Amino acid sequence: MRLSELARGASAIVDHVADVHAADAVAGRLRDLGFVNGEPVRIVATAPWGADPILVQIGSTRFALRRAEADRVRLRIEAA
């Protein structure tokens, strides 16, 4: 599942950040910000009608991401 597909209020675990092309600077920056394997992530809020941005919380930090950026973050859902 992609981060951009996660419902508002839902939580998941980051699996990896996918590079769209070689030397993908956006994917590298997402990893630098903490979107790494094993980190819990939650969708705090979304813009109306599926627009940008998405407000994401990872750890105690919140980020506003475009959907194109959130598409790079792959998730796994942990069983309760």
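Before reading on, note that the structure itself is shown above.
Procedures and definitions
Residues numbered from 1 in each chain as written. Predicted model: local features only at pLDDT ≥ 70, side-chain atom pairs only at ≥ 80, totals over all residues. Heavy atoms only, no water. Helix = DSSP H or I, 4+ residues; strand = E, 2+ residues; numbered from the N terminus. Polar contact = N/O pair within 3.5 Å; in protein donor to acceptor, adjacent residues only side chain to side chain. Contact = heavy atoms within 4.5 Å. Salt bridge = Lys/Arg side-chain N within 4 Å of Asp/Glu carboxyl O. Buried < 20%, exposed > 50% of the residue type's maximum accessible area, 1.4 Å probe, protein only. Core = buried A, V, L, I, M, F, W, Y, C linked by side-chain atoms within 4.5 Å.

A word on the side chain of Glu 69
- Structurally, Glu 69 can be placed in helix H2 (residues 67–70).
- Of the polar contacts made by the side chain of Glu 69, one reaches the backbone nitrogen of Arg 66; its length is 2.9 Å.
- Sequence-distant contacts of Glu 69, defined by excluding residues within four places in its chain, comprise Val 26 and Leu 30.

Some words on the pattern of salt bridges
- By the definition in use, this model includes four salt bridges.
- Put simply, Arg 76 and Asp 15 hold a salt bridge, and the shortest N to O gap is 3.3 Å. Here the residue Arg 76 occupies a position in strand S5 (residues 73–76), and Asp 15 occupies one in strand S1 (residues 11–17), the gap between them amounting to 61 residues.
- Overall, the relative accessible area of 31% leaves Arg 76 in the partly exposed class.
- With its nearest N and O atoms 3.1 Å apart, the salt bridge here joins Glu 69 to Arg 66.

Some thoughts on the nonpolar core
- In this structure, Leu 3, Phe 35, Val 56, Val 73 and Leu 75 are the most contacted members of the largest nonpolar core, which totals 18 residues.
- In contact with Val 56, other than residues within four places in its own chain, are Leu 3, Phe 35, Val 41, Arg 42, Ile 43, Val 44, Thr 61, Arg 62, Phe 63 and Leu 65.

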